[in-house]
Amino acid sequence: MKVFVVGANGQIGKHLVDLLNESREHRVRAMIRKEEQRKYFEKSGIESVVVSLTGSVEEIANAAKGCDVIVFTAGSGGSTGADQTLLIDLDGAVKTIEAAENLGIKRFIMVSAFQANNRDNWNDAIKPYYVAKHYADRALLQSDLVYTIIRPGGLVNEPGTGKVTAAEGVERGSISREDVARTIVAALTEENTYKRSFDLVAGDTAISDALRGI
């Protein structure tokens, strides 16, 4: 598969792009928002394209042409206001879903937030972020795409273990960004994740086994 990674310059995105680039099964195209971000990808021979999620659906679609899967792992970041959260995490995600539909790309993986589907468990300190993720996920659920929605717990930069807990509802916990990226790669072709959503935290089960057991 050729995988179009939205948010490729982010911390999960970089892990994901590197894993895909090293894979024998997949190819990757990185979507970035600034020309100066190309250097990281060029040194590894990774194809990249500069497009902003605040641009048009057509711009995103043009950037994704020829790909088989879209992975949305973009985020406005913790230092921006609610306006950017709305524009990137919600509208940017919905525009990417529309771009996939327009192109006929059926497979779509969304990196969401832990328990974004459950309002009772939202973190009040970052409620606009949870609102954005919740409704972006709902747009994907209501589409005709073959979706997988991954809702990781607290993200950390520790080395991945390759072992996770994945289910519709799990106890709150953390997970390394590397293991989130590994889970995305495993989910690409794992049919048990098709049209499924789940929370993801560090655990004791190998990623492939965890996904087959959802």
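Structural notes, computed from the coordinates. (Residues numbered from 1 in each chain as written. Predicted model: local features only at pLDDT ≥ 70, side-chain atom pairs only at ≥ 80, totals over all residues. Heavy atoms only, no water.)

What follows deals with the packing of helix α4 (residues 82–103) against helix α5 (residues 127–141). Axis separation between α4 and α5 bottoms out at 9 Å; the angle between their running directions is 10 degrees. Taken together, the axes of α4 and α5 lie roughly parallel to each other. Across from A82, T85, D89, L90, A93, V94 and I97 in α4, the residues of α5 making contact are P128, Y129, A132, K133, Y135, A136, A139 and L140. (Axes fitted to C-alpha atoms, helices over the stretch in contact; angles between N-to-C directions. Helix = DSSP H or I, 4+ residues; strand = E, 2+ residues; numbered from the N terminus. Parallel < 35°, antiparallel > 145°, perpendicular 65-115°, else oblique. Contact = heavy atoms within 4.5 Å.)

On to the environment of E168. Within the secondary structure layout, E168 lies in the loop between β8 (163–167) and β9 (174–176). Assessed through its relative accessible area of 40%, E168 is described here as partly exposed. (Buried < 20%, exposed > 50% of the residue type's maximum accessible area, 1.4 Å probe, protein only.)

A surface patch of negative charge is lined by E58, E59, E98, E101 and D144. At the level of secondary structure, the elements contributing two or more residues to the negative patch comprise α3 (57–64) and α4. By the element assignment, E101 lies in helix α4. For E101, a relative accessible area of 38% puts it in the partly exposed group. (Patch = residues over 30% accessible without salt bridge, like charges linked within 9 Å, V, L, I, M, F, W, Y side chains within 5 Å. Areas by Shrake-Rupley, 256 points an atom, 1.4 Å probe, with all protein chains shown as cover. Salt bridge = Lys/Arg side-chain N within 4 Å of Asp/Glu carboxyl O. Lys, Arg positive; Asp, Glu negative; His and termini not counted. Charge placed at Lys NZ, Arg CZ, Asp CG, Glu CD.)

Two side chains bearing opposite charge may form a pair once their charged atoms approach each other closely. Across all of its chains, the model carries 11 salt bridges by this definition. A salt bridge links K2 to E47; the shortest N-O distance between them is 2.8 Å. Linking K2 in strand β1 (residues 2–6) with E47 in strand β3 (residues 47–50), this pair joins segments that are 45 residues apart in sequence. For K133, the salt bridge goes to D89, with nearest N and O atoms at 3.6 Å. Here K133 is found in helix α5, whereas its partner D89 is found in helix α4, with 44 residues between them in sequence. Take K133: its relative accessible area is 2%, and that puts it in the buried class. Beyond isolated ion pairs, a larger network of salt bridges with shared partners links K2, R29 and E47.

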